[in-house]
Amino acid sequence: MNVQDVVASLPVAVATGQQALTNPVTGGYASDLLSNVMGQAAAGNIWVTMQGHQNIAAVASLAGLAAIIIAGDVEPAPETLRKADSEGIVLLTTTLPVFEVVGRLYQLGIRGV
Amino acid sequence: MFCTKKGYAVVRERCCAMEDEQTIVLEFTLKGSDFNAAGETSSKIKKVLQQIGVKSDIIRRIAISSYEAEMNVIIHAYQGKVRATIYPDRTELVVEDEGPGIADIGLAMQEGYSTAPDHVREMGFGAGMGLPNMARCSDKFDIQSAVEEGTKITMTIFHNA
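The rules we used
- Residues numbered from 1 in each chain as written.
- Chains lettered and ligands numbered in written order.
- Predicted model: local features only at pLDDT ≥ 70, side-chain atom pairs only at ≥ 80, totals over all residues.
- Heavy atoms only, no water.
- Core = buried A, V, L, I, M, F, W, Y, C linked by side-chain atoms within 4.5 Å.
- Buried < 20%, exposed > 50% of the residue type's maximum accessible area, 1.4 Å probe, protein only.
- Contact = heavy atoms within 4.5 Å.
- Salt bridge = Lys/Arg side-chain N within 4 Å of Asp/Glu carboxyl O.
- Helix = DSSP H or I, 4+ residues; strand = E, 2+ residues; numbered from the N terminus.
- Expected span 1.5 Å × (residues − 1).
- Buried area = accessible area lost by both parts, 1.4 Å probe.
- Polar contact = N/O pair within 3.5 Å; in protein donor to acceptor, adjacent residues only side chain to side chain.
- Phe/Tyr/Trp six-rings, centres within 6.5 Å; stacked < 30°, edge-to-face > 60°.
- Lys NZ or Arg CZ within 6 Å of the ring centre and 35° of its normal.

**As for the nonpolar core**
Then comes step 1: Counting 32 residues, the largest nonpolar core has Trp47(A), Ile68(A), Phe35(B), Tyr67(B), Met71(B) and Phe125(B) as its most contacted members.
Then comes step 2: If we skip the residues at most four places from it in the chain, Phe35(B) touches Gln54(A), Asn55(A), Met71(B), Ile74(B), Ile75(B), Val120(B), Met123(B) and Phe125(B).

**Thoughts on the pattern of salt bridges**
Then comes step 1: Counted by the stated rule, this structure contains eight salt bridges over all chains.
Then comes step 2: Residues Glu40(B) and Lys83(A) are paired through a salt bridge, measuring 3.7 Å at the closest nitrogen-oxygen approach. Residue Glu40(B) is located in helix α1 (residues 40-51), and its partner Lys83(A) is located in helix α4 (residues 78-87); the two belong to separate chains.
Then comes step 3: Since its relative accessible area comes to 10%, Lys83(A) is described here as buried.

**A few points about helix α2 (residues 56-76) of chain B**
Think of an α-helix as 3.6 residues a turn; residues three or four steps apart then line up on the same face.
Then comes step 1: Spanning 21 residues, α2(B) covers 30 Å between terminal C-alpha atoms, matching the ideal 30 Å at 1.5 Å per step.
Then comes step 2: Taken across its 21 residues, α2(B) has 17 buried, putting it largely inside the fold.

**What about the interface of chain B and chain A?**
Then comes step 1: Opposite the 24 residues of chain B that make contact, chain A presents 23 residues.
Then comes step 2: Of the roughly 1,800 Å² buried where chain B meets chain A, counting both sides, 47% is carbon and sulfur surface.
Then comes step 3: Together, Arg60(B), Tyr67(B) and Met123(B) form the three largest contributors to the area buried by chain B at its contact with chain A, with a combined 29%.
Then comes step 4: At the boundary of chain B with chain A, the tally comes to two salt bridges.
Then comes step 5: Where chain B touches chain A, the interface holds 13 residue pairs in polar contact (both at pLDDT 80 or more).

**Describing the packing of aromatic side chains**
Then comes step 1: Under the criterion given, the structure shown has one aromatic pair over all chains.
Then comes step 2: On the numbers, 5.6 Å between centres and 40° between planes, the contact of Phe35(B) with Phe125(B) is tilted. Of this pair, Phe35(B) sits in the loop between β4 (23-31) and α1 while Phe125(B) is found in the loop between α4 (118-121) and α5 (130-137), placing the two residues 90 residues apart along the sequence.
Then comes step 3: Taking the relative accessible area as the measure of exposure, Phe35(B) reaches 11% and is therefore buried.
Then comes step 4: Lying across the ring of Tyr106(A), Arg111(A) places its NZ or CZ 3.7 Å from the centre.
Then comes step 5: Over the ring of Tyr87(B) we find Arg90(B); its NZ or CZ atom is 3.8 Å from the centre of that ring.

This is the structure:
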């Protein structure tokens, strides 16, 4: 399972990181608390959040996450896009709410840590 | 100042110097409440570690430790300094700030305890996980703090752990 498989199966738009869609997905994590993600998500996890501000790009980069899905029709800030792009982070957006995103990821076989 | 280590071009800005052949020192300054720059110091440290070929799971632990300490300065302090000393076998991080200090370190080390203001919590910071994450990701962890003066955190992560 890689990020491309997720993009192909869920109604998500690729905002940044087109070149990194081959990132393998090792599991999933959902949280809006950044230190919780830092401490609990595993490397290669796909992260579902409602946060759209620029600090999510640093978290994903430093924690070595496969991709971020910004759920609930939250629009990422322009700075977020810029940072995610420069760090090579895959940023996906969707109108689906978090619960629905996680459910669909689970259906694809992606599990929590 | 500039710094290269036998073919590895590393961070040039702010400050970085070589103490000897096998040691890289990176120094950064942090400004309180500068959320725009949040994470940049840790990203730079991470890039240098990648350049010198430290294992990715070790880099991840160093990056998380550094990021949490960096964020603590940005969230709570007026200003601070990060010094990363990269030895062949370990990385030492010293993060020192001028700020309010921590009155009860035992309490601050508890998961979920936070004194972060609401506007910071709305961004998803202030979960009360920063110090516990640092302690968990580092092999050696030390915190010294004086109220109304500041806090100094020293962490060591071994490269072959």
